[in-house]
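Structural overview for review
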Amino acid sequence: MARMYHSGKFDCIVVGAGHAGCEAALASARMGANTLILSINLDSIAMMPCNPSIGGTGKGHLVREIDALGGEMGLNIDKSLVQSKMLNRSKGPAVHSLRAQADKNKYHVEMKKVLENTDNLKVRQAEVVDIDVKDGQVKGVLTSTGAYFEAETVVLATGTYLGSKIFIGDAILNSGPNGLAGSYDLVTQLKTLNIDLRRFKTGTPARVDSRTLNYDKMEVQWGDTDYEPFSFMNDTIEFKELPCWLSYTNPTTHDIIIQNMDKSGLYTGTIEGTGPRYCPSIETKIERFQDKNRHQLFIEPEGYDTNEMYVQGMSTSMAEDVQINFMRTIPGMESCEIMRPAYAIEYDCINPLHLKLSLEFQDIEGLFSAGQFNGSSGYEEAAAQGLIAGINAVLKIRNKPPFILDRSEAYIGVLIDDLVTKGTNEPYRMMTSRAEYRLLLRQDNADLRLTQKGYEIGLVTEVRYQKMLTKMKLIDAEMDRVTTTNLFLDALNPILDQCGTPRVNQSTKISEILKRSEVSYEAIQSIDLTRPDNLPRDVMKQVEVMIKYEGYIKKQLQQVEKYKSLESKKLPDSIDYSQIESLRIEARQKLNEIRPESIGQASRISGVSPADVSVLLVYLEHYRRRATK
Ligand SMILES: Cc1cc2nc3c(=O)[nH]c(=O)nc-3n(C[C@H](O)[C@H](O)[C@H](O)COP(=O)(O)OP(=O)(O)OC[C@H]3O[C@@H](n4cnc5c(N)ncnc54)[C@H](O)[C@@H]3O)c2cc1C
Ligand SMILES: NC(=O)c1ccc[n+]([C@@H]2O[C@H](COP(=O)([O-])OP(=O)(O)OC[C@H]3O[C@@H](n4cnc5c(N)ncnc54)[C@H](O)[C@@H]3O)[C@@H](O)[C@H]2O)c1
């Protein structure tokens, strides 16, 4: 044990500089709190240990929301992308999701630069080995080199490093991701604080040398040409696009994998942790989908300055020689050389049921947590929680109410409510299907939904806020124009013919015409003579969606009203549910464990029935009457 020395006092200390830690520390420092971020290795700040990409289905929504609230992920990927694509364009606007391929190293370098140049933020390399808690209140952290830092609040964001073990066939290594040091001493200390830890696992594919691939045998995949930036602050972005490549596994690949199942950590029972259902390893895919004779693989560049290529879809914990053998059965990869082998990683994380919606621990005041440590999976999920934990750590110090987004306001709200209310038995991944009000929570309107809120808590800059207000004004003016302006019959009908939609027999409002699914804003441009010059693309997009989906949007807004009425019925923290005898025993136990903050949250707990909710409503009414007497 190193000799301890006192090394300063901070309002907020963030442990870990992954995607969660970076957002937490930036939010805290930008809100004016004296902040310290500690990480085992500063060369791995905002490292992407798996996919070289940000966004994707559901995840793109999170990035846009983080950006709208004044977070960094969107700005950072806009500085470091090599390709961009809006996924699901052929489907409705609720599920359009932006996804960008990243230059991994640039992403890390740019984020490190931002951290180093943020006022009120100190960046320091250190492994935290203990969290000092006295009388249920966090007091500080201790590092392996003996530095003791006093703190008002601490955010834990240790990702996949805590108690981490790596599996490559029968090779089992005590290591963090990517050959980096793991964090082991902290596990023991967290257990002494009665923090409920569990084992989860995830995996990553091999990286292969681009010079050893034959791209003539693969399909090239380019991104969008009319790409959209992730950040609402950027109207355009410049970058040199790099291609991705598509290839497929085949029956020979599958045979090799099946013959060597006994050399996969996953199937030999050496891996105990639970893996992410929605990102299965190749051996799991082959076992689970036996009727499929091929699986798609995207070969993606890891950046401009490297030959490393990421083989998306090939995550595995098979032995290294087996990995080489089955990869060489893939068209275009016959001579491939591995630069980094695939591996599975097992790590400790918490049961998020013991957190409040603010991401503060229920039983330890001032201790917050975010990211993979909370049982989620994914860079974007981590960043979203980091942002909220950082904000709430500062609000806590200032004795202000926590910043909580509900399920009708943001995917971030859905993510945190799911983790904290329902818990998770596997690494949790965001998907659009998890959001009830997804037509309202689109990735394109995240700024309109959230920037005002970010401004009110002091995170959004004046420039960002004014940009959003200008956009809002333009949208209002354009809505006004299209609902009051006619398109003339003679000019209109030829356009309707071209769009393959029935003619009209009188001049018709622009909004009426835009309601038709076949007609786009672009299609009527030549006859829309009062359209303002240089009307921004995102303004047209908002107006078009609001008009085309007006009926559905109205319906979802009505559902939200109902939802909000249950959310607004707050449950006092002091209730001892074990004393409410009309609740079923399971409900009493669950309510005491999760301590929901509203009737709405209580109703989403598994094991709390509609009858239990009625009991709670009656109880709440009595409680209120007693309190007002
Ligand atoms: C092999 C692998 C495959 C994955 N696959 C994917 C994928 O395909 N796509 C995806 O989106 N996600 C994937 N993930 C998960 C993804 O990496 C995480 O979800 C994301 O990085 C989590 O961010 P985080 O900030 O919570 O933690 P991390 O990015 O893991 O960062 C944790 C930080 O905490 C620091 N730290 C840990 N312990 C201590 C300590 N005691 N003291 C000081 N600092 C400490 C570390 O140094 C690090 O900076 C994968 C992860 C791994 C390792
Ligand atoms: N590997 C793991 O163990 C692990 C662990 C944690 C999280 N994850 C998650 O898994 C996700 C990866 O899952 P995914 O397979 O759905 O991929 P994705 O989210 O990166 O991509 C989604 C879809 O985009 C398309 N796509 C992917 N790459 C493309 C490319 N280069 N060009 C064109 N289209 C492309 C594909 O249709 C793909 O299914 C990550 O976003 C991550 O959050 C994986």
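Residues numbered from 1 in each chain as written. Chains lettered and ligands numbered in written order. Predicted model: local features only at pLDDT ≥ 70, side-chain atom pairs only at ≥ 80, totals over all residues. Heavy atoms only, no water.

Structural notes on the site of ligand 1
What counts here: To be near a molecule or strand, a residue needs just one of its heavy atoms within 4 Å of it. Pairs of N or O atoms within 3.5 Å make up the polar contacts considered here, provided that, within protein, one atom can donate a hydrogen while the other can accept it, and that residues adjacent in sequence are counted only when both atoms are side-chain atoms. Residue exposure ignores everything except the shown protein chains as possible cover, and the areas themselves are Shrake-Rupley values with a 1.4 Å probe. Per the convention used, a helix needs a DSSP run of H or I reaching at least four residues, while a strand needs a run of E reaching at least two, with both numbered from the N terminus. Ten residue types, Ala, Val, Leu, Ile, Met, Phe, Trp, Tyr, Cys and Pro, are classed as nonpolar, four, Asp, Glu, Lys and Arg, as charged, and the remainder, Gly among them, as polar.
Around ligand 1 sit 34 residues in total, of which S39, C50, N51, Q372 and G378 are the nearest. Take A17: an N or O atom from its main chain is 3.1 Å from an oxygen atom of ligand 1. Protein contacts shield 96% of the accessible area of ligand 1, which totals 970 Å² for the unbound molecule. Counting residues per element, the ones that place at least two in the shell around ligand 1 are helix 1 (19–30), strand 2 (35–39), strand 12 (197–204), strand 19 (343–350) and helix 10 (379–397). Among the elements that make up the shell around ligand 1, the one with the highest residue count is strand 12 (three residues). In terms of residue class, the shell around ligand 1 is built from 17 nonpolar, 16 polar and one charged.

Here's the deal with the packing of aromatic side chains
Inclusion rule: Ring pairs shown here join Phe, Tyr and Trp side chains whose ring centres sit within 6.5 Å, with only the six-membered ring taken for Trp; geometry is labelled stacked below 30 degrees between planes, edge-to-face above 60, and tilted in between. Relative accessibility under 20% of the residue-type maximum defines a buried residue, over 50% an exposed one, and the middle range a partly exposed one, all with a 1.4 Å probe and only protein chains included. Note on geometry: a ring has a charge over it if NZ (lysine) or CZ (arginine) is within 6 Å of the ring centre and within 35 degrees of the ring normal.
Throughout the structure, instances matching the rule amount to seven aromatic pairs. Ring geometry for Y227 against F239: centres 4.7 Å apart, planes inclined by 50°, an arrangement best described as tilted. Taken together, the residues Y227 in the loop between strand 14 (219–221) and strand 15 (244–248) and F239 in the loop between strand 14 and strand 15 connect sequence positions 12 residues apart. By relative accessible area, which is 23% here, Y227 ends up partly exposed. You can call F239 buried: its relative accessible area is 19%. Relative to Y623, the ring of Y619 has its centre 6.1 Å away and its plane inclined at 35°; by these criteria the two rings are tilted. Note that Y619 and Y623 are positioned in helix 20 (residues 610–628) at a spacing of four residues, about one turn of the helix. Directly above the ring of Y248 sits R294, whose terminal nitrogen or CZ lies 3.6 Å from the centroid. Seen from the ring of Y428, R434 lies directly overhead, with NZ or CZ sitting 4.1 Å from the centre.

Limitation: the analysis is restricted to geometry and does not speak to function.
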